[in-house]
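Descriptive analysis of the structure
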Amino acid sequence: MRNPHAGVPFDTSDEAIAEALVDVSIPTLMLSLVHMSGDPSLIRGPLRPAGLFLNEVQGYMSEEDKDEVRSIAVRVIREYRDRGCPEPAPVSAELLHEMMEWLVCEEVPAEYVPMLMEEMELDGTDARRTGVHSDPAARAAFPVVVIGCGQSGLLAGIRLKEAGIPFTIIEKNAGVGGTWWENTYPGARVDVGNHFYCYSFEPTDTWTEYFARQPELQAYFESVMHKYAIEPHVRWSTEVLGAAWDDRTGTWTVRTRAGDGTESTLEARAVISAVGQLNRPHIPDIPGRDTWAGPSFHSARWDHSVDLSGQRVAMIGAGASGFQIAPAIADGVESLTVFQRTAQWMFPNPNYHETVGPGVRWALRHLPFYGRWYRFLILWPGCDKGLEAARVDPNYPDQQRAVSEMNELTRQMFTEWITGQVDDDPDLVAKVVPDYPATGKRTLQDNGSWLRTLTRDNVDLVRTGIDHIEADAVVTVDGRRYPADILVYATGFTATEVLSPMEISGRGGVDLRTLWGERPAAYLGITVPGFPNLFCLYGPGTNLAHGGSLIFHAECQTRYVMGCIAALLAGDHAAIECRQDVHDGYNDRLQAELDTMVWSHPSIRHSWYRNDEGRIYILSPWRLVDYWSWTREPDLGEFVLTDR
Ligand code: NAP
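Figured I'd write up the structure that's included with this text.

As a further point, take the nonpolar core. Core analysis: the biggest nonpolar cluster contains 135 residues, and Leu 29, Ile 77, Trp 373, Ile 565 and Trp 599 have the highest contact counts within it. Per-element accounting of this core gives the leading share, 12 residues, to helix H18 (residues 550–570). Within the second largest apolar cluster, 40 residues are counted, among which are Ala 326, Leu 336, Ala 438 and Ile 604.

Structure (structure tokens):
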């Protein structure tokens, strides 16, 4: 069978090939040419990228050099086409490593290469697929319940199905996608490049934008669900109320409530929670909130029946969601007042709203491994580099401004990006340049649309604190009244209440929420002592603030969970449970590491990363490469396996 990433054979005309190459990533194209021709000398000459920056996919090559590559490419692609587009011969490991370093203009340390090879699947092998026990009767007697059908729950379903294990996915919404089902607010789009923000085992030639909007993302998960025939396993509009472990039978009893209110139970040998962290809206308890008379709703519960046109809209909160909403609605409303408590750092990204042109889509579909190398090109600069910019150097002098020299450089770059847009408006500059170190909160992707919106005549950015809400106005602490017709809460989620509001009762009836309180913790973010055969995807300590993608993380976690299930089946065990000392040691290390990061720094006054005590339990401080290697397979010595 042809390698699924080797490109679909084509008979495109010479003219159409030349046309397609106009807007492709030229460095990525050059690596595809190496595959097509088998000639590495193509990348050993002077034509090469000059530098690396996230989402700068042309490697700063000059127009002349790019044109020269295009003319070479037309010849190589034509010859390849005329040979019938054969599957390219495999490239040696040494050459692949050389190609990686060539593309990103820097050393790619050897420890990263296996992870990257797996992520890119250049050999056409989905290495994250796990083989499990081959006895069909044993598998049939091992039903699994997955909670949630967002990107990680769907992935769990795909892996369980591949392994031949019966499963049911319980999803509270009426459709697939999780956050991409719920967040239909105007302007909602992903801020990790889509050619990386998608499953590693799915080709990526269909995205119409580099950072797709919500409907396209939801449709992607829908199409993957159908391709892998997962839907028959899903119960839609059904909420999991809780789950209780029975030590005697080695099963979980999962309580559910369907949309019509009917409650029922399911028995499962294992439960995989894939509920996400960002789906329970947080609406702050601002005095007078209940006196508001007009329409009001949270960003993740957008009320599309409310017509905003010609209305005065007040939006409380402007983090990642509000930052996307304001530019999307400002044009159609009479006025928009944005109440922002903390200014946000933004990362310059000119591609943020760009469409993927037909030439690029042709290349992604037909040119061998073009899509794979493109994936690597946007993955690598957002991989572990951000971690260093976020690490606190305790000896750095001005800690309120920056936490290290590298963090200061990041601050300067971000500040120039902001002031370069609104330098002629000192009042606005004072409001929009953050007063805390860069990357201390979630950094937003920006193409200029946010500040352009704030300079509109009908938009007002208010940085003064809110005192209270009245029937038709928001009033700030300086006594100023801001009348409005519609109130939007873009105020985030109760992210620190992991797995809430489900009641999970483990060994001896211990309640997980009570056990965790404000300090949720799990070994690798996946397993908790006292809760056998319960696995979390996107659990405590796994949210990514420095780079990567939650889909990458979900693939790591799902493989690990499947490894645990495989161990249960292989040994005919009743239960697998993480050792307490392993769990505690891991979380002590995690907390110590988080203490060294800017997200924990006292200069950050408000952050959804923090619990009520001001501490962080939901973020990962780990390099992706470490987390990947720790989750490749469970070390059974770290678990207690109980016999039936
Ligand atoms: P958020 O980043 O937590 O922003 C919430 C906003 O509400 C902030 O401006 C916050 O101010 C404000 N706020 C909260 N409580 C307040 C109070 N009591 N008084 C005044 N203001 C208050 O929430 P979000 O924008 O929904 O984003 C949450 C996360 O979802 C993001 O960080 C990201 O991980 C994800 N997300 C991703 C995308 C994307 O991929 N493009 C889009 C949306 C969301 P402070 O900053 O002062 O706390």
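The structure having been displayed, the exposition proceeds.
Counted residue by residue, helix H10 (residues 320–329) has 7 buried out of 10 residues, so it is predominantly covered. Among all positions of H10, only Ser 321, Gly 322, Phe 323, Gln 324, Ile 325, Ala 326 and Ile 329 are buried. Structurally, H10 contributes buried residues whose contacts are with strand E9 (312–316), strand E10 (335–339), strand E11 (346–348), strand E12 (444–446) and helix H16 (449–454).

This next bit is on the side chain of Asn 611. Relative to the elements of secondary structure, Asn 611 occurs in the loop between helix H19 (580–594) and helix H20 (624–630). Only 2.8 Å separates the side chain of Asn 611 from the backbone oxygen of Glu 518, close enough to count as a polar contact. A distance of 2.9 Å separates the side chain of Asn 611 from the backbone nitrogen of Glu 613, its partner in a polar contact. Look past the residues within four positions of Asn 611 in its chain and what remains in contact with it is Thr 496, Glu 518, Arg 519 and Tyr 617.

Running from N to C, helix H2 (residues 26–37) and helix H12 (residues 370–379) point in directions that differ by 140 degrees, and their axes come no closer than 9 Å. Between H2 and H12, the interaxial angle falls into the category oblique. Here H2 and H12 pass one another in a crossing that is right-handed. Residues Thr 28, Leu 29, Leu 31, Ser 32 and His 35 of H2 form the contact with H12, whose own contacting residues are Tyr 370, Trp 373, Tyr 374 and Leu 377. Across the contact of H2 with H12, the residue classes tally to 6 nonpolar, 3 polar and no charged.

For H19, with 15 residues, the first-to-last C-alpha span of 21 Å sits near the 21 Å given by 1.5 Å per residue. Of all the residues in H19, the buried ones are Val 582, His 583, Tyr 586, Asn 587, Leu 590, Gln 591 and Leu 594. In an axial view of H19, the angular spread of the buried residues amounts to 160 degrees, which keeps them on one side of the axis.

Attention now moves to the sheet that holds strand E14 (residues 466–470). Read from one edge to the other, the open sheet built from 3 strands follows the order E14-E15-E16, with strand pairing classed as antiparallel. Among the strands making up the open sheet, the edge pair consists of E14 and strand E16 (481–483). Strand after strand, the sheet turns through a mean of 20 degrees between neighbouring axes, direction not considered. Two elements, strand E15 (residues 473–476) and E16, share 3 bridges in a ladder whose sense is antiparallel. By the bridge assignment for E16, Val 474 is matched with Tyr 482.

Conventions used here
Residues numbered from 1 in each chain as written. Predicted model: local features only at pLDDT ≥ 70, side-chain atom pairs only at ≥ 80, totals over all residues. Heavy atoms only, no water. Core = buried A, V, L, I, M, F, W, Y, C linked by side-chain atoms within 4.5 Å. Buried < 20%, exposed > 50% of the residue type's maximum accessible area, 1.4 Å probe, protein only. Helix = DSSP H or I, 4+ residues; strand = E, 2+ residues; numbered from the N terminus. Contact = heavy atoms within 4.5 Å. Polar contact = N/O pair within 3.5 Å; in protein donor to acceptor, adjacent residues only side chain to side chain. Axes fitted to C-alpha atoms, helices over the stretch in contact; angles between N-to-C directions. Parallel < 35°, antiparallel > 145°, perpendicular 65-115°, else oblique. Left-handed = near helix turned anticlockwise from the far one by under 90°. Nonpolar A, V, L, I, M, F, W, Y, C, P; charged D, E, K, R; others polar. Expected span 1.5 Å × (residues − 1). Arc of directions from axis to C-beta. Pairing = 2+ DSSP bridges.

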